[in-house]
Structure formats: structure tokens, C-alpha cells
Amino acid sequence: MEQEKKEAQVKVETLEARLKEWGSDLEKFRAKVDMIKGKAKAGPEREVAALQAKLNEAKKKLEEFKKADAAASAELKKGIENAGAELKKAFASAKAKFK
């Protein structure tokens, strides 16, 4: 049981670090979008908004995981892992577009 708690804590810390990194990336994307003029700005603005929503959802799931008891942790862990994987893919795609 103690080992599971340690593993969960490591996962939480890892995800917190990734969320912080992605938040920083999102701010960089926003700065680039702000330099775009006119109608061309709409698409990138939507993409940044979608990334922000996904980032917020992952943060919410992480907070739920931190507050959950052991029984709920396994289910939430799966949700966090899925959200993290989806967010990672979305940010990789955005990085390629905003280079």
C-alpha cells in the first residue's frame, strides 16, 4: 500500500510538471496568435482556446485524484492518464503548427 502511494505521488508530481510546462507553451502560442492579423487569426485562436480547455480539464482531474481515497484513485488515475495523453498529443500538434 505504501509503495502505491509513493508511485501515485510520483505520477502526480510528473503530471504537475507537465501541466506547468504545457501552460508555459500555451502562453507562447497565445503570444504568437496575438501577432496574427485579421481573419487568419480565428483558427489559431480556436486552437488555443481548445488547448486551454483541455489543460483546465487535466488540472481538474489531477485535483480530484489528489483528494480521492484509495478506492477512487484507480479510476481517476486512468482518467488522468488519458487526459495527459490527449493533452500531450494536442500540444505536440500545436507546437508543430506554431513553429
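Quick caveat, the model's predicted, so the values are computed rather than measured.

(A) Local environment of the side chain of aspartate 25. Mapped onto the elements of the fold, aspartate 25 is located in helix 1 (residues 2-35). One polar contact links aspartate 25 to lysine 95, side chain to side chain, over a distance of 3.2 Å. Here aspartate 25 is in contact with Phe91 and Lys95, once residues within four sequence places are set aside.

(B) Inspection of the packing of helix 1 against helix 2 (residues 42-67) at higher detail. Their axes nearest at 10 Å, the elements helix 1 and helix 2 cross at an angle of 160 degrees. Classified by the angle between their axes, helix 1 and helix 2 sit roughly antiparallel to one another. Seen from above, helix 1 lies across helix 2 with left-handed handedness. Contacts between helix 1 and helix 2 involve Ala8, Val12, Leu15, Glu16, Leu19, Trp22, Gly23, Leu26, Phe29, Arg30 and Val33 from the former and Pro44, Glu45, Val48, Leu51, Gln52, Leu55, Ala58, Lys59, Leu62, Phe65 and Lys66 from the latter. In terms of residue class, the contact of helix 1 with helix 2 is made up of 15 nonpolar, two polar and five charged.

(C) Representation of the confidence of the model for the chain. The pLDDT averaged across the chain works out to 82; a share of 91% of its residues lies at or above 70. Model confidence for the chain, summarised as mean pLDDT per element, is weakest for helix 3 (residues 70-98) at 77 and strongest for helix 2 at 87.

(D) Here's a closer look at the nonpolar core. Counting residues in each nonpolar core, the largest one holds 20 residues, and the members touching the most others are Leu19, Leu26, Phe29, Leu51, Leu87 and Phe91. Elements with a minimum of two residues in this core: helix 1, helix 2 and helix 3. If we skip the residues at most four places from it in the chain, leucine 51 touches Leu26, Phe29, Leu87, Ala90, Phe91 and Ala94.

About the cut-offs
- Here the residue numbering is sequential within each chain, running from 1 through the sequence in written order.
- Only residues with pLDDT of 70 or above have their local features reported here, since the model is predicted, and side-chain atom pairs are shown and tallied only from 80 upward, although totals for entire chains, interfaces and linings are computed over all residues.
- By convention in this description, side-chain values take in all heavy atoms of the structure and omit both hydrogens and water.
- Runs of H or I in DSSP of at least four residues are treated as helices and runs of E of at least two as strands, each being numbered from the N terminus.
- We call two N or O atoms a polar contact when they sit within 3.5 Å, provided that within protein one can donate a hydrogen and the other can accept it, with sequence-adjacent residues counted only if both atoms are side-chain atoms.
- Whether two residues touch is decided by their heavy atoms; if any such pair falls within 4.5 Å, the residues are in contact.
- Axis geometry follows a simple rule: fit a line to the C-alpha atoms, using only the stretch in contact for helices, then measure angles between N-to-C directions, giving values from 0 to 180 degrees.
- For classification purposes, an angle smaller than 35 degrees is called roughly parallel, one larger than 145 roughly antiparallel, one from 65 to 115 roughly perpendicular, and anything else oblique.
- By convention, the crossing between two helices is left-handed when the near helix turns anticlockwise from the far helix through less than a right angle, and right-handed when the turn is clockwise.
- In this classification, Asp, Glu, Lys and Arg are treated as charged, Ala, Val, Leu, Ile, Met, Phe, Trp, Tyr, Cys and Pro as nonpolar, and every other residue, Gly included, as polar.
- One number per residue, pLDDT, summarises how confident the predictor is, and it ranges from 0 to 100.
- As used in this record, nonpolar core signifies buried Ala, Val, Leu, Ile, Met, Phe, Trp, Tyr and Cys residues forming a set joined through side-chain atoms within 4.5 Å.
- To sort residues, take the accessible area from a 1.4 Å probe on protein chains only and compare it with the maximum for the residue type: under 20% means buried, over 50% means exposed, and anything in between is partly exposed.

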